[in-house]
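# Coordinate inspection notes
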Amino acid sequence: MTLLEIEGVSKSFGSVDVLRGIDLTIEAGSVTGLVGDNGAGKSTLMKTITGIYSVDDGTVTFNGEPITDLPPGERRSRGIEMIYQDLALAKQQDVANNIFLGREPVKRLWGLIPGYVDKARIDTEAQQMIDRLGAKIPSINRPVGYLSGGQQQSVAIARALTFEPKLVIMDEPTAALAVREVEHVLDLIRQLQKDGIAVILISHRLNDIFEVCDRIVVLRQGRLIADDPRGETSMNDVVSHIVGAA
Amino acid sequence: MSENASAARRSRSWTLGARSTYVRIESLFVLFGLSAIMAVLSPYFLQTSNLLNILLASATIGVLAIGATYVISSAGLDLSLGSVLGLSSVVGAVTAERLGMPWPLAVAACLAAGAAAGWVNGQLVTRAGIPAFIVTLGMLGIARGLALVISDGRAIYGLPEGLVYLGQGRPFGVPMPVFIFIGVAILTHYILSHTRFGAHTLAIGDNEAAARATGIRVGRHRRRLYTFSGLMAGIAGLIFMARVNAGDPTAGLNYELTAITAAIIGGTNLFGGRGSILGTMIGALIMGVLQNGLNLLAVQSYYQQMAIGAVLILAVFLDQWQARRAQAR
């Protein structure tokens, strides 16, 4: 089943054409590796999916419905999550609040006063998510800025997975991690796939890409250069697509 | 360690009550220390009537400082607070005295004038993309000028009784503005520390890109914050007008300095991401004690401006010094 369909998407910043007519479809429960040189347009393409950037041309369809003109919050609530390279965490707010950022559950205080953020519920559910991920976080009420890089990564992942996403985009999720933590993220991607959640993985580490992805897509200078199942391509092919030697 | 991480370290200064409420313990020391010094220096300081005076003076500044707290903790800035106070007090007085409207309408006009000025600030900051520093500095001039134009440069005297009661009434022996201040503080504390609006305000100030990525509508939120800040200036203008029984176009001159200082001493992070109304109330009380004490000691009022300016610079210096020390550890 097709989950996401991108048709003819173009985007420029000033006089720089970052995306030039990209077509891409993502199947439900698939893991797609997205590779390309710096400035190839990978992150920009992903941000047109999450709604951070609007497109100049083309359409984005998710679950059969057009989402091209929807704001990021609306797309998130339909099941598109992204883990950003810089993690996009609010460093002075605590772990639990970061996981629920933008989606805080509310209740009536004493059954009367509306709009009360249910902090107790946020803490409980955030703790459950952290435990489920097997992440080691000193305290759910610690400001995120206190945590190590790997711990912050766990918080960003927990935020993306708490609200039952259908598609999770990961932008260089392993770049700042130690070897053991990288293995953990790759296991997590396999687990997501088992649960029927589609993943798009951006990474410079081709080993990781070849380990978990069903399919490898290469961008170069804003164009989609190659789109092959893992079994029908090789690391050499991919590298030559990336650098444009093929 | 990054700038943000060190800011996070600072936020663990000390907590009072709910963990969502940060109060810098240093600010309490300053409040009590300063009060002790004043009590020693002047026999009048601790008299009930004088303490009520301090509360009265803190009320106007406190309401303005609440506006400053919201905007600054979202990594914004509102320099127009004092001028908008003056404008709204003139608008309220014109409505009541010149137009002869009933006093509740004058109250509404006061608040609407403040909110409207804040709304304009918000539009210019978020839609035209002009830095908040410039927009609100411009509004500082515009609102003050407009107040002078409307009032022809003279204070408008002779307000209806109902209005004057809001400033001079003393139910249970406590000045009305103190009740207004406490009411506004309770409501705004609830909003900042316990609602999604407050959580998003701090998140935007902490990391705007992250807030946007999680679906928070940053532009719309900022517009609401500036309007809110203007509304606070409107309430402060109402209190000021009712207290002096006049719409004075020069009311609130340089009050933004005192209000921002109160917010910063109270623990609001100058770069956004942290702020609490409880802390700001303590900050406003410190400002009130400082001004009142200097008055009692018969220090010329010019020196008060200098003292407040120095306190602002010192507070920010200490905050950054602490952060650097935390970083070095």
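Residues numbered from 1 in each chain as written. Chains lettered and ligands numbered in written order. Predicted model: local features only at pLDDT ≥ 70, side-chain atom pairs only at ≥ 80, totals over all residues. Heavy atoms only, no water.

Counting its secondary structure elements, chain A contains eight helices and twelve strands. In terms of overall dimensions, chain A has C-alpha extents of about 65 × 40 × 35 Å along its principal axes. Counting across all 246 residues of chain A, residues that qualify as buried make up 54%. Restricting the contact set of chain A to residue pairs at least 6 apart, pairs at least 24 apart contribute 64%. Surface accessibility of chain A: about 10700 Å² in total, with carbon and sulfur atoms responsible for 47%. (Helix = DSSP H or I, 4+ residues; strand = E, 2+ residues; numbered from the N terminus. Buried < 20%, exposed > 50% of the residue type's maximum accessible area, 1.4 Å probe, protein only. Contact = heavy atoms within 4.5 Å. Areas by Shrake-Rupley, 256 points an atom, 1.4 Å probe, with all protein chains shown as cover.)

Residues and elements named next belong to chain A. The final tally for this structure, using the stated rule, is 15 salt bridges over all chains. With its nearest N and O atoms 2.8 Å apart, the salt bridge here joins glutamate 65 to arginine 78. With glutamate 65 in strand β5 (residues 65–66) and arginine 78 in the loop between α2 (72–77) and β6 (80–83), the pair connects residues that are 13 residues apart, well separated along the chain. The exposure class assigned to glutamate 65 is partly exposed, which follows from its relative accessible area of 41%. (Salt bridge = Lys/Arg side-chain N within 4 Å of Asp/Glu carboxyl O.)

Take the environment of proline 143 of chain A next. Residues and elements named next belong to chain A. Among the secondary structure elements, proline 143 is positioned in the loop between α4 (119–133) and α5 (149–161). Given a relative accessible area of 5%, proline 143 falls into the buried group. C-alpha separation for the pair proline 143 and alanine 96, spaced 47 residues apart in sequence, amounts to 9.0 Å.

It is worth spelling out the pairing of strand β9 (residues 167–171) of chain A at this point. Residue and element names in this part refer to chain A. Burial of β9 is extensive: five of the five residues sit out of reach of the surface. Every second residue of β9 is oriented toward a common face, with Leu167, Ile169 and Asp171 on one face and Val168 and Met170 on the other, all of them buried. Where β6 and β9 come together, four bridges link them in parallel fashion. Its bridge partner being in β9, isoleucine 80 is matched across the sheet by leucine 167. Of the pairings in the sheet, the one linking β9 to strand β10 (residues 198–202) comprises five bridges and is parallel in character. Within β10, the residue paired with leucine 167 across the bridge is alanine 198. (Pairing = 2+ DSSP bridges.)

Residues and elements named next belong to chain A. Strand order in the open sheet formed by six strands is β6-β9-β10-β3-β11-β12, and the pairing between neighbours is mixed. Every other strand in the sheet has two partners, leaving β6 and β12 (223–229) as the edge strands with one partner each. Sheet twist, expressed as the mean angle between neighbouring strand axes with direction ignored, is 20°. α5 contacts β6 and β9 of the sheet and is inclined by roughly 175° relative to β6. Sitting on the sheet, helix α6 (residues 179–194) touches β3 (31–36), β9 and β10, and the angle it makes with β10 is about 150°. (Axes fitted to C-alpha atoms, helices over the stretch in contact; angles between N-to-C directions.)

In a packed pair of helices, the relevant descriptors are the angle between the two axes and the axis-to-axis distance. Residue and element names in this part refer to chain B. For the pair helix α3 (residues 48–73) and helix α13 (residues 277–296), interaxial distance at closest approach is 7 Å and the crossing angle is 135°. In terms of orientation, α3 and α13 fall into the oblique class. For the crossing formed where α3 meets α13, the hand is right-handed. Residues Asn50, Asn53, Ile54, Leu55, Ser58, Ile61, Gly62, Ala65, Ile66, Thr69 and Tyr70 of α3 touch α13, and the partners they reach there are Ile277, Thr280, Ala284, Leu285, Met287, Gly288, Val289, Asn292 and Leu296. (Parallel < 35°, antiparallel > 145°, perpendicular 65-115°, else oblique. Left-handed = near helix turned anticlockwise from the far one by under 90°.)

Counting residues in hydrophobic clusters, the biggest one holds 79 residues, and the most contacted among them are Ile66, Leu163 and Met287 of chain B. In terms of residue count, helix α11 (residues 218–244) of chain B provides more of this core than any other element does, twelve residues in total. Here leucine 163 of chain B is in contact with Ala96, Trp103, Ala106, Val107, Leu238, Met241 and Ala242 of chain B, once residues within four sequence places are set aside. Judged by nonpolar contacts, the second largest core, of 48 residues, contains Ala96, Ile137, Val199 and Cys213 of chain A. (Core = buried A, V, L, I, M, F, W, Y, C linked by side-chain atoms within 4.5 Å.)

Time to look at unusual backbone geometry. For residues that are not glycine, phi is negative in most cases, and the peptide bond is trans in most cases. Non-glycine residue aspartate 152 of chain B carries a positive phi angle of around 60°. Tracing the sequence through the fold places aspartate 152 of chain B in the loop between α6 (132–151) and β1 (156–157).

With that out of the way, let us pick up the packing of aromatic side chains. Throughout the structure, instances matching the rule amount to six aromatic pairs over all chains. Ring geometry for tyrosine 116 of chain A against tyrosine 190 of chain B: centres 6.2 Å apart, planes inclined by 25°, an arrangement best described as stacked. Placement of tyrosine 116 of chain A in strand β8 (residues 113–117) and of tyrosine 190 of chain B in helix α8 (residues 176–194) is noted, with the two residues assigned to different chains. Overall, the relative accessible area of 13% leaves tyrosine 190 of chain B in the buried class. A cation sits over an aromatic face here: arginine 142 of chain A above tyrosine 146 of chain A, 5.6 Å from the ring centre. (Phe/Tyr/Trp six-rings, centres within 6.5 Å; stacked < 30°, edge-to-face > 60°. Lys NZ or Arg CZ within 6 Å of the ring centre and 35° of its normal.)

Mean pLDDT for chain B: 90, with 92% of residues reaching 70 or above. Here residues 1–20 of chain B is a poorly scored stretch, pLDDT under 50, and it has 50 contacts once near neighbours within four places are set aside; other chains count. (pLDDT = per-residue confidence, 0-100.)

A word on α6 of chain A. All names here are of chain A. Between the first and last C-alpha of α6 there are 23 Å, a value that for 16 residues agrees with the 22 Å anticipated at 1.5 Å per step. Of the positions making up α6, those classed as buried are Val182, Val185, Leu186, Leu188, Ile189 and Leu192. Seen along its axis, α6 keeps its buried residues to an arc of 155°; they face one direction. The exposed set on the far side of α6, more than 90 degrees from its buried face, consists of Val179, Arg180 and Lys194. On its buried face, α6 sits against β3, α4, α5, β9, β10 and α7 (206–212). Phi turns positive one or two residues past the end of α6, at glycine 196, with a value near 85°. (Expected span 1.5 Å × (residues − 1). Arc of directions from axis to C-beta.)

All names here are of chain A. As summarised here, the arrangement of the four strands in space is β2-β1-β4-β5, forming an open sheet in which the pairing is antiparallel. Both edges of this open sheet fall to β2 (16–27) and β5, since each of them pairs with a single strand only. Here strand β1 (residues 2–13) runs beside strand β4 (residues 57–62); their pairing, made up of five bridges, is antiparallel. Counted as the bridge partner of leucine 4 is phenylalanine 62 from β4.

Okay, the side chain of lysine 11 of chain A next. Residue position: lysine 11 of chain A is located in strand β1. A polar contact is formed between the side chain of lysine 11 of chain A and the backbone oxygen of serine 54 of chain A, at a distance of 2.9 Å. (Polar contact = N/O pair within 3.5 Å; in protein donor to acceptor, adjacent residues only side chain to side chain.)

The next subject is the domain arrangement of chain A. With domains assigned, chain A is organised as domain 1 (1–62 + 69–79 + 223–246) and domain 2 (89–163). Relative to domain 2 of chain A, the C-alpha centre of domain 1 of chain A lies at a distance of 30 Å. (Domains from an automatic or database assignment.)

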